[in-house]
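Analysis of the macromolecular model
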Amino acid sequence: MGNLITTSIFDDLKNQIFDRSKWDNKVFSVFGYEAGAGKSRNVQRYLAETEDRALYVQRFSKDGELDATAERINTLAGKEIAVAFTGEDTKRKRVRKRAIEARTLCITHKMYSNICRGDHQDLIEGRVILVIDEYPDLLEQITVTYKEIGQLWTDIFQYGFAETDDLASLLRDMANKYSNDSEILKNREMVFVSFQSDKYDKYKDVIGQLLKKTKQARKSEHKELLFKFQQILNNGAYYYEGGFHTFDSTPKFAMLDCNIILDANAFDYRYSLSNKFKVIKQPKIYDYSQAEFYHYDLNTSKRALKNYINLTEKALEQIDLKDSGGVLFITEQVQKEQVEKGIEAYFNDSLDGVQETLRMPLTVDYFGNLIGKNTYRNYNMVIVQKSPNFDYGTYALTNFFYKYHENLPIANISIFQDEDVEKVRLSTIAGEIYQAIRRIARDNPEDAKIYVFNNNQGVIDIVLEQLPGIQYHKCQIEVNKIGKEAGAKDKGKKEKMPTQFDEKVEEVKAILTNLQQSGKSYIRKKDVRVQVGIKDGANFSKVLDVLRPFLQINQIKNQGQKIIFD
């Protein structure tokens, strides 16, 4: 079906490049051609035809992808006009000179982010067209926890400014206050803390002076620490999960005379958060009326997946693999091996043996390893067994990032209650699932059979909007869980306890989950107890008793004075 696509559908994109009256140096024109339509190939053809100097930005350079892009443009132009340039090339003078002189320069999102920070300005000088393939994410999170606050006392006192000690005390008191506020805990609030008042100017001035001192003294670790506090003070921050969270406000979108973003996920709500983006909607090209979408209403968050014993086997009981041209299972990276074992257990054979018996490829891949992959273009079945959730704070900080740069008011957020943050969250998850689905049947989506395990109908509805006419089936599935009976007993026990105790249990659970996911090896019990505001060690032991099934399932050890993560 891909062969039926005519280049006329890209007339809007072509005109944006060749018609200077359409150019705008303050706005990105976001073209939402659907995945697999050929938008990247066509824009590369237009760059080969134009005489204007351009910057082309794509996600990755791995496996020679960036070099391949430059070679493709050169082939289309019939001569060498494009050069690929990566971070490894920045100190190679001859390569850099060649990149600067190239009519079209091909770089990665990471290099573009560095340009947005003010680096490598010589690479964009004299260029007039900017094309970015996929959403350019400039959000770089910054977090100040009790650890950094302590370092402000212990590491920065040597510079002789009393204000740094005062700032550490101030932030510690704020953290203790918010951590122990029953209303904040009850409403699951992320508290926005502003430092715009004049009373904070003395801290900002001292941090600025110290950053100059540390730069001269080449104290990089001190500079990094101070920079975190500078960003907290300048931008404001959200307090949640034992820390102040903000972002690096240094990067600013680098823009030329003509600015284009190509993104099949143009429905991403992040584009609605800034006046810098103008989404140009495109008609759908593919016909999905013969394709089938099976939606299994099941929680497939990271935490839920850990509790399932036989999700893959139960899925295979309901899915007919016969006559498939190839099956792609999608999960998260840490679950990949478990899914492969589930397939082998169901068929009682090795993965290679299963493929040989079924006479078709059967592959397990994971979110974070899929974007731009064409390896599965001839497969026609995809089974999505994971909801690609990010940390909730990422969604909140994305909203914060754009509101800060648009000078819009910022307020407290109750988790899963803020309208804008929820739209960011749902559209981001839907975008990841849509991109995963479109890895298969690239040329003929009519053949696709799609199985998605997810319990958020809002996410599914966004995905379905991108697949017009598809045959939708909503299904139910029963999966065995680890420690189901113990969990039920525990639930009954908790319901008899005071509400405030329940909140402390959930707060400790959230802290331990985040610490485990961050790769930390252990934490002192006292540190957790202080974070959640439990003064009595005996009461904290009761919390840990209630959490025993949770600790067991997640392989977290309650040992001596430490909580150890396996």
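Refer to the structure above for everything that follows.
Residues numbered from 1 in each chain as written. Predicted model: local features only at pLDDT ≥ 70, side-chain atom pairs only at ≥ 80, totals over all residues. Heavy atoms only, no water.

A short note on the packing of aromatic side chains
Two aromatic rings, taken as a pair, are described by how far apart their centres are and by the angle between their planes. The final tally for this structure, using the stated rule, is 29 aromatic pairs. A centroid spacing of 5.3 Å and a plane angle of 80° characterise the contact between Phe192 and Phe400, whose relative ring orientation is edge-to-face. Taken together, the positions of Phe192 in strand S7 (residues 189-193) and Phe400 in helix H15 (residues 392-405) put the pair 208 residues apart, joining distant regions of the chain. Site record: aromatic cluster; members linked through ring pairs are Phe28, Tyr135, Phe192, Tyr238, Phe247, Phe253, Tyr271, Phe277, Phe400, Phe401, Tyr402 and Tyr404. (Phe/Tyr/Trp six-rings, centres within 6.5 Å; stacked < 30°, edge-to-face > 60°. Helix = DSSP H or I, 4+ residues; strand = E, 2+ residues; numbered from the N terminus.)

Topic: the pairing of strand S8 (residues 237-240)
Residues Ala237 and Tyr239 line one face of S8 and the alternating positions Tyr238 and Tyr240 line the opposite face, and both faces are buried. As defined by bridge partners, S7 adjoins S8 across three bridges and the pair is classed as antiparallel. Pairing of Val193 across the sheet is with Ala237, part of S8. Of the strand pairs in this sheet, S8 and strand S9 (residues 243-247) are connected by three bridges, and their pairing is antiparallel. In the strand pairing of S9, Tyr239 is matched with Phe244. Linking two consecutive strands that pair antiparallel, namely S8 and S9, is a turn of two residues; a positive phi of about 50° is found at Glu241 within it. (Buried < 20%, exposed > 50% of the residue type's maximum accessible area, 1.4 Å probe, protein only. Pairing = 2+ DSSP bridges.)

Focus on the environment of Ile371
Within the secondary structure layout, Ile371 lies in the loop between strand S14 (362-366) and strand S15 (381-384). Beyond its immediate sequence surroundings of up to four residues, Ile371 is in contact with Arg59, Phe60, Glu134 and Gln435. (Contact = heavy atoms within 4.5 Å.)

Considering the sheet that holds strand S17 (residues 449-453)
Strands sit in the order S14-S13-S15-S17-S12-S18 across an open sheet of six strands; the sheet is parallel. Across the chains shown, the open sheet's two edge strands, defined by having one partner strand only, are S14 and strand S18 (471-475). When the angles between neighbouring strand axes are averaged without regard to direction, this sheet yields 15°. Inspection of the sheet shows strand S12 (residues 292-296) paired to S18 by five bridges, in the parallel sense. Considered in S18, the bridge of Tyr294 is made with His473. Along the sheet, helix H13 (residues 336-347) makes contact with strand S13 (327-331) and S14, crossing S14 at roughly 160°. (Axes fitted to C-alpha atoms, helices over the stretch in contact; angles between N-to-C directions.)

What to know about the pattern of salt bridges
Summed over the entire model, instances satisfying the criterion amount to 25 salt bridges. Among the salt bridges present, the one from Arg377 reaches Asp443, with a minimum N-O distance of 2.8 Å. Placement of the pair is Arg377 in the loop between S14 and S15 and Asp443 in the loop between helix H16 (419-437) and S17, with a sequence separation of 66 residues. Classification of Asp443 by relative accessible area gives partly exposed; the value is 35%. Residues Lys423 and Glu419 are paired through a salt bridge, measuring 3.2 Å at the closest nitrogen-oxygen approach. Highlighted residues: Lys423 and Glu419, both in helix H16, separated by four residues, approximately one helical turn. (Salt bridge = Lys/Arg side-chain N within 4 Å of Asp/Glu carboxyl O.)

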